[in-house]
Amino acid sequence: MNYTNSPIEKITFNNNSFYIKRDDLLHKDFSGNKARKFYYFLQKDLIGIKKIVSHGSAQSNAMYSLSVLAKIKGTSFDYYVDHIASFLKDNPTGNYKYALENGMNIYEKEVPNNFEDDVLFIKEGGALNEAQFGLKILADEIKIWAEENSIKNLKVFLPSGTGTTALYLQKYLPYEVITCACVGNEEYLKKQFFQLENSNHPKILAKTKKYHFGKLYKEFYEIHLRLLEQTNIKFDLLYDSLGIKLFEEYIRNDNKTSNNYLYIHQGGIIGNESMLQRYKNKYKEL
Ligand SMILES: *Cc1c(COP(=O)(O)O)cnc(C)c1O
């Protein structure tokens, strides 16, 4: 099975034209940047590994992708969360629902401190050195595309959580990589970069307004809808709504017609299912 080589398309949104790397289309079950970040484990022979263990939020895209990885590799999957919201427990949707269907064991308690040798432990969100293996492949796909199509003055943009994807893309790409902090502020993201690499960090765009991760901003829902109307592509509500907004402002201010822009679609569409349900509960008129 091939989990690499996603297409690149040109789209126009609010009169700005840019390219988009469709990593949301990598594979039906294993897509987006989590597929890139976990590619190392996918192609590796996990000899002696009986269980994958991770932790984080009960709605995380990483959680779902790890449930797929465990299924493909024939291991079990244990996932630790602080808390599962009661509405989610009562009506499983999105990543939570499909990860459970893949056989995930979920525990509402602290992650154990140590594990047996037959456990593969994956840090929250996949902020790992091993992530660079799959992200180098993504970088190479972009480089080859740009060379084959004589795309000059390319700038690459993607929104960040842990910043792992943006960081390793900058490591392996000869173009400027630009990102924004969706989880926490710019300082937090900078710290995340330093945990993995000391230099060659992506440029971080400042946010014009403070946003809290996971909060239901009507503005984000509207951007998501407008994107769908104008491009016919579903974008992630948690990261892309903010990402595209800042990216668009950046292009407008950059104002250099000789520049080309590439936005990385990092998947996360399954996660929208529970987000949309929360939006509909909060804003009855939607
Ligand atoms: C996980 C995720 C991100 C953040 O990726 P990082 O490598 O942690 O910065 C961005 N967008 C989507 C859709 C994701 O699932």
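Residues numbered from 1 in each chain as written. Predicted model: local features only at pLDDT ≥ 70, side-chain atom pairs only at ≥ 80, totals over all residues. Heavy atoms only, no water.

Draft legend 1. Up close: empty space enclosed by the protein. Summed over the entire model, instances satisfying the criterion amount to one cavity of 30 Å³ or more. Quantified by volume, the largest cavity comes out at close to 60 Å³. Taken together, C182, Y211, H212, F213, G214, K215, Y217, F220, L238 and L242 make up the full set of residues lining the largest cavity. Residues that form the lining of the largest cavity fall into these classes: seven nonpolar, two polar and one charged. (1 Å grid on protein atoms, 1.4 Å probe; cavity = no way out; pocket = protein on both sides within 12 Å on 5 of 7 lines; lining within 4 Å. Points joined across faces, edges and corners; volume = space filled by probe spheres on them. Nonpolar A, V, L, I, M, F, W, Y, C, P; charged D, E, K, R; others polar.)

Draft legend 2. Quick look at the side chain of D254. Note that D254 resides in helix α10 (residues 240-254). Overall, the relative accessible area of 13% leaves D254 in the buried class. A distance of 2.9 Å separates polar atoms of two side chains, one belonging to D254 and the other to N259. Not counting chain neighbours up to four residues away, the residues in contact with D254 comprise K155, N259 and Y261. (Helix = DSSP H or I, 4+ residues; strand = E, 2+ residues; numbered from the N terminus. Buried < 20%, exposed > 50% of the residue type's maximum accessible area, 1.4 Å probe, protein only. Polar contact = N/O pair within 3.5 Å; in protein donor to acceptor, adjacent residues only side chain to side chain. Contact = heavy atoms within 4.5 Å.)

Draft legend 3. Looking closely at the domain arrangement of the protein. What the domain assignment reports for the protein is domain 1 (8-28 + 130-282) and domain 2 (35-126). A separation of 24 Å is found between the C-alpha centroids of domain 1 and domain 2. Roughly 1800 Å² is buried in total at the junction of domain 1 and domain 2, and carbon and sulfur atoms are behind 57% of that figure. Seen at the junction of domain 1 and domain 2, the total is two salt bridges. Among the salt bridges present, the one from D23 reaches R36, with a minimum N-O distance of 2.8 Å. Linking domain 1 with domain 2 are five residue pairs in polar contact (both at pLDDT 80 or more). (Domains from an automatic or database assignment. Buried area = accessible area lost by both parts, 1.4 Å probe. Salt bridge = Lys/Arg side-chain N within 4 Å of Asp/Glu carboxyl O.)

Draft legend 4. Quick peek at the packing of helix α5 (residues 94-101) against helix α11 (residues 269-282). The interhelical angle for the contact between α5 and α11, taken along N-to-C directions, is 120°, at an axis separation of 6 Å. Here α5 lies oblique to α11, going by the angle between them. Here α5 contributes G94, N95 and Y98 to the contact with α11, which in turn contributes I270, G271, E273 and S274. Grouping the constituent residues of the contact of α5 with α11 by class yields two nonpolar, four polar and one charged. (Axes fitted to C-alpha atoms, helices over the stretch in contact; angles between N-to-C directions. Parallel < 35°, antiparallel > 145°, perpendicular 65-115°, else oblique.)

Draft legend 5. Geometry of the site of the ligand. Lining the immediate environment of the ligand, one finds 16 residues, of which K34, K37, N61, T162 and T165 sit closest. Contact distances for the ligand include 2.6 Å between an oxygen atom and a side-chain N or O atom of T165. For the ligand, the protein covers 97% of the area, taking 390 Å² as the surface of the free molecule. For the ligand, the cavity whose grid points lie within 2 Å of the majority of its atoms is the largest pocket. Of all the secondary-structure elements, those providing two or more residues to the shell around the ligand are α1 (32-37) and α7 (164-172). (Near = heavy atom within 4 Å. Areas by Shrake-Rupley, 256 points an atom, 1.4 Å probe, with all protein chains shown as cover. Sits in = over half its atoms within 2 Å of the grid points.)

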